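Each chain, letter by letter, is given below.
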Amino acid sequence: MSLDAFLLSILVDPQDKGPLWYFADEEMLYNPRSRRRYAVRDGIPVLLLAEAVEVDDAEAARLTARLSSAVVTGTGPEEPAQPGETCDR
Amino acid sequence: MSVAVAGPAPLRTIFKAYDVRGLVPDELDERGSFAIGAGFARFARAAEAARRIVVAHDMRISGADLAAAFAAGAESERTEVVFIGLASTDLLYYASGVLGAPGAMLTASHNPPEYNGMKFCLAGARPVGEETGLGEVLRGAEVTLAGLRGGIPAPRAQRDGRDWFGEFADHVRSFVDISSLVPLRVVADTANGMGGLVVPAVFAGLPFHLDLLYGELDGTFPHHPANPLEPENLKDLRARILATGADVGLAFDGDADRAFLVDELGEPLSGSTTTAIVAQVMLADHPGETVLHNVICSKAVPEVIAECGGVAVRTRVGHSFIKARMAETGAVFAGEHSGHYYFRDNFGADSGIIAAVIVLEALCRAKVPLSQLRRPFERYSDSGELNSRVGDTSAVIDAVARHYASHGGAVDRLDGLTVDFGDWWFNLRSSNTEPFLRLNVEAADARSCAARVDEVRRLVRQADGAG
């Protein structure tokens, strides 16, 4: 069960309040700055520092490497500008 | 397998339909630029296995630092950077075409000094817009930004030693027959933008007398904003033309990809008139070929194209639509009312200075002042673009379409609504970002044009009130 776009847009790391990487297939959220991972259980992100897992160098490298090959998805621009506009270019 | 970014999305608001534009440093700083550089490199590698990109920046105060950060971001993705340094946007497109490499231009076009941003292209100057990869660049940038800790590195790339300005100037001059040129007196107002480097480089090999106004590069735009679409910004150029008796004036925007012409009486030419003049020249050299014009261009444009034996193809407004249609139709040239002119022999990319030198050549050959040369191309009276605020733009457009369909107008929906009655026509388009409708009307003369503007606006108000 994947987290929906709205939920993703409001989630932040509980400690540094920064963004997280969401690996849907591994059911987890990851903070690449603090190298902490948080589980997503039954579609509910468990954003508790006490339950976070600090990853080692090899795991951090694996997750970073995944980004280079993965398709990065997201909600995209919320209000796309008019595709036809050129006057303000 | 997919990865998403959760949480704050500070870069999202600065990604527009075709480019990136934001306030420095609040919306766009060096960390953001680094992240976008990484996102673009990742996108370019996925799209066309690119291992090398070309990067340039304009004269904005933040330009050099943001460009360096962008280059470092691309290098962090193991992508080689050809770093041109200062350039105009059309020069960057040219470099992308020549190198066969994706490109990024750090510029905010004509926006105020506090802004900066980026325009992107794939190899061969192919467009990158909202529907052709900009979203992927953004998502890649968000991922990188989320992972940034501490400071960002300096780029490895040094400024490229190649004489890009000299090469680009040769390329621009290749569009004209220099032996046909006479020593016209030309005033160019480059508004302290990149035209200050490009225009003298191009004119150095031409027999014109160049009078350069505000040629020094200055990202604070001390004299006037670098937006020639605003008549206020043409005041100094017009005054200089009249004071010196110059033959023609050229006005460029900040990144010098758009050029506007002003005649010897100080009267600016519309984008439609310039499109028609360039179309005539291009068709003389390329008989029977296709020329594109957008739906807002004057009816005089397709008329001139047909009279010159060319095939006129109407397109939606906008950079990526035009470039896509150029590739499909093999068109030799395309023009937009907004001052963008695209050339097949320029990798299909737009360049204001190429259009400008083509009109100058036409002027030399015609041996008449520009105020006369323009006349046969100006056949109708137009309203210019008029914006009105309404509740539901598409409901209003539909109601107006229904009204005119029952009154015998030829209705088409290529871009918004166009209704043609033969002796007058209008186009009504919506803006997705704001509840605005944009109206353009063209009629036989100024009086009937004003009357038709009133008529369409009344219908818009009625439809809006009924909604």
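Please read these numbers as outputs of a predicted model, since none were measured by experiment.

**Some details on the nonpolar core**
Residues and elements named next belong to chain B.
Part 1 of the argument: Core analysis: the biggest nonpolar cluster contains 171 residues, and Val55, Phe70 and Ala279 have the highest contact counts within it.
Part 2 of the argument: Among the elements that make up this core, the one with the highest residue count is helix 11 (residues 352–366) (9 residues).
Part 3 of the argument: Setting aside residues no more than four positions away along its own chain, Ala279 makes contact with Val291, Val301, Val304, Ile305, Cys308, Gly310, Phe333 and Gly335.

**Concerning the sheet that holds strand 9 (residues 209–213) of chain B**
Residues and elements named next belong to chain B.
Part 1 of the argument: What the 4 strands build is an open sheet, ordered 9-8-10-11; its pairing is mixed. A single partner strand is all that each edge strand has here, and the edge strands are strand 9 and strand 11 (259–262). Within the sheet, the average angular offset between the axes of one strand and its neighbour, ignoring direction, is 20 degrees.
Part 2 of the argument: Across 5 bridges, strand 8 (residues 185–189) lies against strand 9 in parallel orientation. Counterpart to Arg185 in the pairing with strand 9 is His209.
Part 3 of the argument: Helix 7 (residues 235–244) rests against strand 8, strand 9, strand 10 (248–252) and strand 11 of the sheet, and its axis sits at about 160 degrees to strand 8.

**Looking at unusual backbone geometry**
In terms of backbone geometry, most residues other than glycine have negative phi values and most peptide bonds are trans.
Residue and element names in this part refer to chain B.
Part 1 of the argument: A cis geometry characterises the amide bond from Val24 onward to Pro25, with omega recorded as 0 degrees.
Part 2 of the argument: Structurally, Pro25 is set in the loop between strand 2 (19–23) and helix 1 (30–48).
Part 3 of the argument: Of note in this structure, Ser109 is not a glycine but carries a positive phi near 50 degrees.
Part 4 of the argument: Of note, Ser109 is situated in the loop between strand 5 (103–106) and strand 6 (115–122).
Part 5 of the argument: Residue Ser109 is classed as buried on the basis of its C-beta count, with 23 C-beta atoms lying within 10 Å.
Part 6 of the argument: You will see that Phe221, though not glycine, has its phi angle at about 45 degrees, which is positive.

**Considering the packing of helix 8 (residues 271–285) of chain B against helix 9 (residues 300–307) of chain B**
Residue and element names in this part refer to chain B.
Part 1 of the argument: One way to put it is that helix 8 packs onto helix 9 with a least axis distance of 9 Å and a crossing angle of 10 degrees. In this view, helix 8 runs roughly parallel relative to helix 9, as classed from their interaxial angle. Residues Ser272, Thr275, Ala276, Ala279, Gln280 and Leu283 of helix 8 form the contact with helix 9, whose participating residues are Ala300, Val301, Val304 and Ile305.

**Describing the confidence of the model for chain A**
Part 1 of the argument: Residue-level pLDDT values for chain A average 79, and 74% of them are 70 or greater.
Part 2 of the argument: Predicted confidence for residues 73–89 of chain A stays below pLDDT 50, and this span has 50 contacts to residues more than four positions away or in other chains.

**Digging into helix 13 (residues 393–405) of chain B**
Residues and elements named next belong to chain B.
Part 1 of the argument: Taking 1.5 Å of rise per residue, 13 residues should cover 18 Å, and helix 13 covers 18 Å from first to last C-alpha, within 8% of that figure.
Part 2 of the argument: If you check which residues of helix 13 are buried, you get Thr393, Val396, Ile397, Val400, Ala401 and Tyr404. Along the axis of helix 13, the buried positions cluster into a sector of 135 degrees, meaning they face one direction only. Residues of helix 13 that are exposed and point more than 90 degrees away from the buried face comprise Ser394, Arg402 and Ala405.
Part 3 of the argument: Buried-residue contacts for helix 13 involve strand 18 (410–412), strand 19 (417–420), strand 20 (424–430), strand 21 (436–443) and helix 14 (446–466).

**Examining the sheet that holds strand 15 (residues 341–343) of chain B**
Residue and element names in this part refer to chain B.
Part 1 of the argument: Sheet architecture is open: 4 strands sit in the order 13-12-14-15, paired in mixed fashion. The two strands at the open ends of the sheet, each matched to only one other strand, are strand 13 (311–315) and strand 15. The sheet shows a mean angle of 20 degrees between the axes of neighbouring strands, taken without regard to direction.
Part 2 of the argument: Where strand 12 (residues 290–294) meets strand 14 (residues 333–335), 3 bridges bridge the pair, whose relative direction is parallel. Note on strand 14: the bridge partner recorded for Leu292 is Ala334.

Rules used in this analysis
- Residues numbered from 1 in each chain as written.
- Chains lettered and ligands numbered in written order.
- Predicted model: local features only at pLDDT ≥ 70, side-chain atom pairs only at ≥ 80, totals over all residues.
- Core = buried A, V, L, I, M, F, W, Y, C linked by C-beta atoms within 7 Å.
- Buried ≥ 20, exposed ≤ 12 C-beta atoms within 10 Å, placed from the backbone.
- Helix = DSSP H or I, 4+ residues; strand = E, 2+ residues; numbered from the N terminus.
- Contact = placed C-beta atoms within 7 Å.
- Pairing = 2+ DSSP bridges.
- Axes fitted to C-alpha atoms, helices over the stretch in contact; angles between N-to-C directions.
- Parallel < 35°, antiparallel > 145°, perpendicular 65-115°, else oblique.
- pLDDT = per-residue confidence, 0-100.
- Expected span 1.5 Å × (residues − 1).
- Arc of directions from axis to C-beta.

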